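# Chains, contacts and geometry: an overview
In case you want the letters, here they are:
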Amino acid sequence: MRSEPARILMGNQACAEGALAAGCSFYAGYPITPSSEIMETLADRLPREGKVFVQMEDEIGSICAVIGASWAGAKAMTATAGPGLSLMMEGLGYAAFTETPCVIVDVQRAGPATGQATRVGSGDILQVRFGMHGDVCPIALSPGSVQEMYDLTIRAFNLAERYRVPVFLMADEGIGHLRESVFLHKDFTIENRVRDASRPPFGTPEPDGVPPMPVFGDGAELMITGSTHDEKGFRKVDDPEPHRRLVERINRKILDHEADIVEVEERFLDDATVAVVAYGFTGRSALAAVKALRRDGVRAGLVRLKTLWPFPRAALARLDQRVQRVVVPEMNRGQVAMLVRAEMNAEVVSLCQTDGEVIEPEAIAARVREVLP
Amino acid sequence: MTRALEHWLRVKSSTFCPGCGHGILLGAVVRALDELGVDRKNLLFVSGIGCAAWIPSPHIKADTLHTLHGRAVAYATGAKLFNPKLTTLVVSGDGDLTSIGGNHLIHAARRNLGLTVICANNQIYGMTGGQTASTTPVGALTATAPSGNAWRPFDLVKLVLGAGGRFVARWPVSRPRPLIASIKKGIQSGQFAFIEAISPCPTQFGRRNRVDEVTELYRRMDADCVEAAEADKLSPEERAGKIVIGEFGDV
Ligand SMILES: Cc1ncc(C[n+]2csc(CCOP(=O)(O)OP(=O)(O)O)c2C)c(N)n1
Ligand SMILES: [Mg+2]
């Protein structure tokens, strides 16, 4: 099936390989642990492929350069961690409001503030959804293996192009620095924005809510602004209707396509009475925990969230039909558990760990045993 | 603006206040492009937030990228690096480019990427109601310095030269011909070019500092300007309060 030999790579390297495979042609960034291997790999590889790498003066400059390059026609990305992500917030909201495709990799570390730069965490999940002012609806993916650092980076580029939206790859230090085997395969298709200059670039009633995106030099005489704008790009800073229309459309174009965007992995659910909902590195521990529980006769199942935003509501509704108890282990104070609780009638138990260490399977299994119906 | 240049404009009206220097600067930019015969298809304007950031957007009929407050140069860096064929001009305000965006400005000067950055310096935050800028003269009255600004302003020419910029010029909008010439040279240099255009703000600066007549504001500004060669002949006392204008660096 797979013709390429497996390679042993670090998660961050696999992410860089995924970016190259997806056609990434521009990287701007600022060094920060634990993400720097992505930047260092691309600093070497992109120029050799005739593509652009630039180290910017800070993360604000990085995201702004990414947006500028995207409008010049690049498939553009940056990678960072908590403090850098915080600096990028204003630019990320701009990207969402101007419908600029770009990919942001957040290799999460133990926050808040500088926290523990070399230790693991997953404290940025709500930040990428709610950290930008105003209502925007980004896409966020959560890789659970080195293979998924490759696969989901490719998917992130494709979704960014398809929906004209910033896409976050919410990695964590555990996955970013994990070394395991990965197939750098080519079994995927590449999506590209529609560079049609004959239709307005900011939303006539396109059936899917995603307007075409000509780029600089295409002769479209583009007018791009982060102020509220009409479909041609003219600023509309007082009228209620253009504002409402734009805010609704940039949210709806994502929410109306949940079924296309959201991916989850469902394991051992057929006869399950209790389930673990997990993501990122914790998804690995959760799978080990579920297998151990099953060896002991506990009918445990797993839902691993590969997409965090839009939130996988349909998968949780399905799970609600099966189980009475759900355990959500997380390397934060219960960010996703809060959302799961809002979606489910089942009892949702949070397992929080905020010590900069990965959650061990034993801890998850123990919590499941405690809550068994 | 003359009919012959109207083809550069996307809109026929402007939101600038009467007497604002930004409109004169818009005219100067458009004339420079016209005289150079720049290929409009590969022409990109990038601006930040502020009155000055509206000079290109929406006025100029070309690709325009109106960005965030302070970040125009960083956006332009990304676009120009990815597509070096784009003639890329950043037109924005003093507050935008040199206060909140100061870091991007000095790094762009250091990289010497071929961007032409035109700073419309009205020595104030015009759009937000006349607060102190990093360019406000000592003693000037502002909305946030009601008894006079206590802090020294940047000398933007020295700032950009110090950061490694090689092509730097400063002119008041009251002297459009040398201003246009410097914009043209800056674009043609293919290097990082920084052009400071002193552009009066009658509404937020003039009125608050008791210069109610627009013509008087322009007269005073022009009288304060001395060309670099003349400035060298002045004593330190005579030079105080003067604005040294001209072309600097390797122009
Ligand atoms: C991050 C951020 N902070 C503050 C503002 C508010 N703001 C808008 S324009 C402006 C000042 C613009 O001054 P300048 O660049 O000198 O342009 P002018 O209006 O004087 O031409 C400020 C502070 C903003 N838009 N964004
Ligand atoms: Mg100003």
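Residues numbered from 1 in each chain as written. Chains lettered and ligands numbered in written order. Predicted model: local features only at pLDDT ≥ 70, side-chain atom pairs only at ≥ 80, totals over all residues. Heavy atoms only, no water.

## Section: unusual backbone geometry
Omega for the bond connecting G111 of chain A with P112 of chain A falls within 30 degrees of zero, at 0 degrees, which places this linkage in the cis form. As for its placement among the helices and strands, P112 of chain A is situated in the loop between β5 (102-110) and β6 (116-120). The peptide bond linking W309 of chain A to P310 of chain A adopts the cis configuration, its omega dihedral lying at -5 degrees. A positive phi angle, close to 55 degrees, is found at N112 of chain B, a residue other than glycine. Looking at the secondary structure, you find N112 of chain B in the loop between α4 (102-111) and β4 (115-121). Unusually for a residue other than glycine, Q123 of chain B sits at a positive phi of about 60 degrees. (Helix = DSSP H or I, 4+ residues; strand = E, 2+ residues; numbered from the N terminus.)

## Some words on the pattern of salt bridges
Residues and elements named next belong to chain A. Enumeration over the complete set of coordinates arrives at 38 salt bridges over all chains. Notably, a salt bridge pairs E17 with R45, separated by 2.6 Å at the nearest N-O pair. In this pair, E17 sits in helix α1 (residues 11-22) while R45 sits in helix α2 (residues 36-48), placing the two residues 28 residues apart along the sequence. A relative accessible area of 12% means that E17 is categorised as buried. Assessed through its relative accessible area of 23%, R45 is described here as partly exposed. For D271, the salt bridge is made with R294, and the minimal N-O distance between the two is 2.7 Å. (Salt bridge = Lys/Arg side-chain N within 4 Å of Asp/Glu carboxyl O. Buried < 20%, exposed > 50% of the residue type's maximum accessible area, 1.4 Å probe, protein only.)

## Things to note about helix α6 (residues 146-163) of chain A
Counting along an α-helix, one turn takes 3.6 residues, and residues three or four places apart therefore face a common direction. Residues and elements named next belong to chain A. Taking 1.5 Å of rise per residue, 18 residues should cover 26 Å, and α6 covers 25 Å from first to last C-alpha, within 8% of that figure. Of all 18 residues in α6, 16 are buried, a share of seventy percent or more. Directly beyond the C-terminal end of α6, a positive phi value near 50 degrees is found at R164. (Expected span 1.5 Å × (residues − 1).)

## What to know about the interface of chain A and chain B
Taken together, the contacts link 36 residues of chain A with 31 residues of chain B. Taken over both partners, the interface formed by chain A and chain B buries close to 2,800 Å², and the fraction arising from carbon and sulfur atoms is 61%. Taken together, the links from chain A to chain B amount to two salt bridges. Salt-bridge contacts for E221 of chain A lead to K61 of chain B; the nearest nitrogen and oxygen are separated by 2.7 Å. (Contact = heavy atoms within 4.5 Å. Buried area = accessible area lost by both parts, 1.4 Å probe.)

## Details of the packing of α1 of chain A against α2 of chain A
All names here are of chain A. Relative to each other, α1 and α2 sit at 40 degrees, their axes nearing to 8 Å. Classified by the angle between their axes, α1 and α2 sit oblique to one another. Judged by the sense of rotation from one axis to the other, the crossing of α1 with α2 is right-handed. Judged by residue contacts, N12, Q13, C15, A16, E17 and L20 of α1 engage E37, I38, T41, L42, R45 and L46 from α2. Class assignment for the residues of the contact of α1 with α2 results in six nonpolar, three polar and three charged. (Axes fitted to C-alpha atoms, helices over the stretch in contact; angles between N-to-C directions. Parallel < 35°, antiparallel > 145°, perpendicular 65-115°, else oblique. Left-handed = near helix turned anticlockwise from the far one by under 90°. Nonpolar A, V, L, I, M, F, W, Y, C, P; charged D, E, K, R; others polar.)

## Examining the domain arrangement of chain A
Residues and elements named next belong to chain A. You can read the domains of chain A as domain 1 (7-182) and domain 2 (264-370). Between the C-alpha centres of domain 1 and domain 2 there is a distance of 26 Å. Domain 1 puts 29 residues into the contact, and the matching count from domain 2 is 22 residues. When domain 1 packs against domain 2, the two sides together hide about 2,000 Å² of surface, and 57% of this comes from carbon and sulfur. Interface area lost by domain 1 to domain 2 is led by I125, L126 and S142, which between them contribute 26%. (Domains from an automatic or database assignment.)

## A word on the coordination of the magnesium ion (ligand 2)
Each pair of donors in an ideal four-coordinate tetrahedral metal site encloses 109.5 degrees, whereas pairs in an ideal six-coordinate octahedral site enclose 90 or 180 degrees. All names here are of chain B. For the magnesium ion (ligand 2), the full set of protein donor atoms is D94 (OD), N122 (OD1) and I124 (O), at a range of 2.0 to 2.2 Å. Relative accessible area serves as the criterion here: at 2%, D94 is assigned to the buried category. Using a relative accessible area of 7% as the deciding quantity, one classes N122 as buried. (Donors = N, O, S within 2.8 Å, 3.2 Å for Na, K, Ca; no water.)

## Quick notes on the site of ligand 1
In the region of ligand 1, 18 residues are neighbours, and C51, D94, G95, D96 and G126 of chain B sit closest. The local environment of ligand 1 is shared, drawing residues from chains A and B. Within the side chain of D94 of chain B, one N or O atom sits 2.6 Å away from an oxygen atom of ligand 1. Between M127 of chain B and ligand 1, the recorded distance is 2.9 Å, taken from a backbone N or O atom to an oxygen atom. (Near = heavy atom within 4 Å. Polar contact = N/O pair within 3.5 Å; in protein donor to acceptor, adjacent residues only side chain to side chain.)

## Here's the deal with the sheet that holds strand β7 (residues 225-227) of chain B
Across the sheet, which stays open at both edges, the nine strands sit in the order β10(A)-β2(B)-β1(B)-β3(B)-β4(B)-β6(B)-β5(B)-β8(B)-β7(B) with mixed pairing between neighbours. If you trace the sheet from one side to the other, it starts and ends with β10 (223-225) of chain A together with β7 of chain B, each paired once. Within the sheet, the average angular offset between the axes of one strand and its neighbour, ignoring direction, is 20 degrees. Bridge analysis of strand β3 (residues 87-93) of chain B against β4 of chain B gives six bridges, and the strand direction is parallel. Of the residues in β4 of chain B, the one forming a bridge with S92 of chain B is C119 of chain B. (Pairing = 2+ DSSP bridges.)

## Things to note about the state of the cysteines
Residues and elements named next belong to chain B. Under the criterion given, the structure shown has zero disulfides over all chains. With no disulfide of its own, C51 lies 6.5 Å from the sulfur of C20, the closest cysteine sulfur. Taking the relative accessible area as the measure of exposure, C51 reaches 25% and is therefore partly exposed. Free of any disulfide, C201 has its nearest neighbouring cysteine sulfur in C20, separated by 6.4 Å. For C201, a relative accessible area of 11% corresponds to the buried category. (Disulfide = S-S within 2.5 Å.)

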